[in-house]
Amino acid sequence: MKAPVVRVRNVSTRFGEYLVHDDISFDIYEGEIFGLLGPSGYGKSTMMREMILLQEPDSGSIEVLGKEVWKLGEKEAVELRKQWGVVFQESALFSSLSVEENIALLLREYTNMSPSLIRRVVATKLEMVGLSQSDGRKYPSELSGGMKKKAALARALAMDPKLLFLDEPTSSLDPVSAAEFDSLILSLRELLGLTIVIVTHDLASIRKTLDTMVLFADKKVIARGTLQDVLKTRHPIIESFFLQ
Ligand SMILES: Nc1ncnc2c1ncn2[C@@H]1O[C@H](COP(=O)(O)OP(=O)(O)OP(=O)(O)O)[C@@H](O)[C@H]1O
Ligand SMILES: [Mg+2]
C-alpha cells in the first residue's frame, strides 16, 4: 500500500454555532484522483481550505505530505505550500496580470530562476494545459471560462507540485469544455504522477476521473471508496445526489 499523502483525522469544524464537520477522518493516497463530493453547503470547500492552510479546523489533525499542517512554523508552512498547487472555485487569476505573468508570479517569488528560464517554464506550463503562447499574453478578461480554468491550472503547476487541489474545476463549464478539462486532468496525472484532490458534484467528471472519493452529508462522511462502493451505500442522500 502506498503512503497516504493526506491524512484527515477526527476533524470537526464550526462557524459560530453551526457545525460543518463532525469528527471526519479519511486518507488520500499517492497518485490518486480523489473526490470530495456532496451537496452544496456541506463543507467540501471548507475541508479543502483546511488542507491547504487557509482555514483552521476546531479539532482533529490534518497531515499533508507527512507534515501536520496546522502545527507547522511559518518557514515550514512556506516550504510545504510550494509542494501543492491550487485551482480555486472562481479560478482567482490576477486580473491585472496576463496569463504568462500569473504563471510566472510564484516562480519570481519563490525561485532564483533567471527571467529567460522563467519564460521557458511558463511556455512549458501553457503547453501542458493546451493553451497557446499567444493565449499566454492575454488578460483573464479576454479568456473563455474553459481557458480561464486551464490558465489557473497552468499557474497551479508552476512550481512542479506533488499535489493538486481543484475546487469545482468544471462546474461553470459547458459539457464539452468540462470533458476536455477532465481529459487534461487524467493526462497530467499520467504525465506528472500527481495526486489530485477535486471538489466536485459534476457526475460526468466523477465517473470519468475519480479513483476514490468521500461523500459529505449530515456533517459526516456518509460514503467512501470507489464510485461502486459509494453507490452501494444505503443513505437517502446517495440517491438524490447521483440522480440529480
Ligand atoms: N468563513 C466562513 N464563515 C462562516 N461560515 C462559513 C465560512 N465558510 C463556510 N461557511 C459555511 O460553512 C458551510 C460549508 O461551506 P462550504 O463552502 O465548505 O460548502 P461547499 O460544500 O463547498 O458548498 P458548494 O458546493 O456550494 O461550494 C456553509 O454553510 C457556509 O455558509
Ligand atoms: Mg464549495
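Residues numbered from 1 in each chain as written. Chains lettered and ligands numbered in written order. Predicted model: local features only at pLDDT ≥ 70, side-chain atom pairs only at ≥ 80, totals over all residues. Heavy atoms only, no water.

## Section: the overall build of the protein
Part 1 of the argument: Regarding its fold elements, the protein presents 10 helices and 10 strands.
Part 2 of the argument: Here the C-alpha radius of gyration of the protein, 18 Å, is about what a compact globule of 244 residues would show, namely 18 Å.
Part 3 of the argument: Judged by the C-alpha coordinates and their principal axes, the protein covers about 55 × 45 × 40 Å.
Part 4 of the argument: Across the protein, every contact between residues at least 6 apart in sequence was considered, and the portion connecting residues at least 24 apart equals 64%.
Part 5 of the argument: Looking at the protein as shown, the accessible area adds up to about 11900 Å², and 50% of this sits on carbon and sulfur atoms.
Part 6 of the argument: Computing the positive centroid from 30 side-chain charges and the negative centroid from 33, the protein places the two 3 Å apart. (Helix = DSSP H or I, 4+ residues; strand = E, 2+ residues; numbered from the N terminus. Rg over C-alpha atoms; globule rule 2.2 N^0.38 Å. Contact = heavy atoms within 4.5 Å. Areas by Shrake-Rupley, 256 points an atom, 1.4 Å probe, with all protein chains shown as cover. Lys, Arg positive; Asp, Glu negative; His and termini not counted. Charge placed at Lys NZ, Arg CZ, Asp CG, Glu CD.)

## Regarding the site of ligand 1
Part 1 of the argument: Lining the immediate environment of ligand 1, one finds 14 residues, of which Ser 40, Gly 41, Lys 44, Ser 45 and Thr 46 sit closest.
Part 2 of the argument: Ser 40 places a polar side-chain atom, nitrogen or oxygen, 2.4 Å from an oxygen atom of ligand 1.
Part 3 of the argument: The side chain of Ser 45 places a nitrogen or oxygen atom 2.9 Å from an oxygen atom of ligand 1.
Part 4 of the argument: Across the complex, the protein chains shield 61% of the 630 Å² of accessible surface that ligand 1 would expose by itself.
Part 5 of the argument: For the shell around ligand 1, a count of residues per class yields 5 nonpolar, 7 polar and 2 charged. (Near = heavy atom within 4 Å. Polar contact = N/O pair within 3.5 Å; in protein donor to acceptor, adjacent residues only side chain to side chain. Nonpolar A, V, L, I, M, F, W, Y, C, P; charged D, E, K, R; others polar.)

## What about the packing of helix 3 (residues 99-110) against helix 6 (residues 145-156)?
Part 1 of the argument: Between helix 3 and helix 6, the least distance of the axes is 8 Å, while the angle of their chain directions is 25°. Taken together, the axis directions place helix 3 and helix 6 in an arrangement best described as roughly parallel. For the crossing formed where helix 3 meets helix 6, the hand is right-handed. Between helix 3 and helix 6, the contacting residues are Val 99, Asn 102, Ile 103 and Leu 106 on the first element and Ala 151, Ala 154 and Arg 155 on the second.
Part 2 of the argument: Each residue belonging to the contact of helix 3 with helix 6 can be placed in one class, and the counts come to 5 nonpolar, 1 polar and 1 charged. (Axes fitted to C-alpha atoms, helices over the stretch in contact; angles between N-to-C directions. Parallel < 35°, antiparallel > 145°, perpendicular 65-115°, else oblique. Left-handed = near helix turned anticlockwise from the far one by under 90°.)

## Examining the packing of aromatic side chains
How two aromatic rings sit relative to each other is set out by the distance from centre to centre and by the angle between their planes.
Part 1 of the argument: Enumeration over the complete set of coordinates arrives at 4 aromatic pairs.
Part 2 of the argument: Summarising the aromatic geometry, the rings of Trp 84 and Phe 165 are spaced 6.0 Å apart at their centres and angled 90° between planes, so their arrangement reads as edge-to-face. Of this pair, Trp 84 sits in strand 6 (residues 84-87) while Phe 165 is found in strand 7 (residues 163-167), placing the two residues 81 residues apart along the sequence.
Part 3 of the argument: Where Phe 241 meets Phe 242, the ring centres are 5.0 Å apart and the plane angle is 80°; that geometry is what we call edge-to-face.
Part 4 of the argument: Overall, Phe 242 belongs to the buried group, its relative accessible area being 11%.
Part 5 of the argument: Connected via pairs of aromatic rings, a cluster forms that spans Phe 26, Phe 34 and Phe 216. (Phe/Tyr/Trp six-rings, centres within 6.5 Å; stacked < 30°, edge-to-face > 60°. Buried < 20%, exposed > 50% of the residue type's maximum accessible area, 1.4 Å probe, protein only.)

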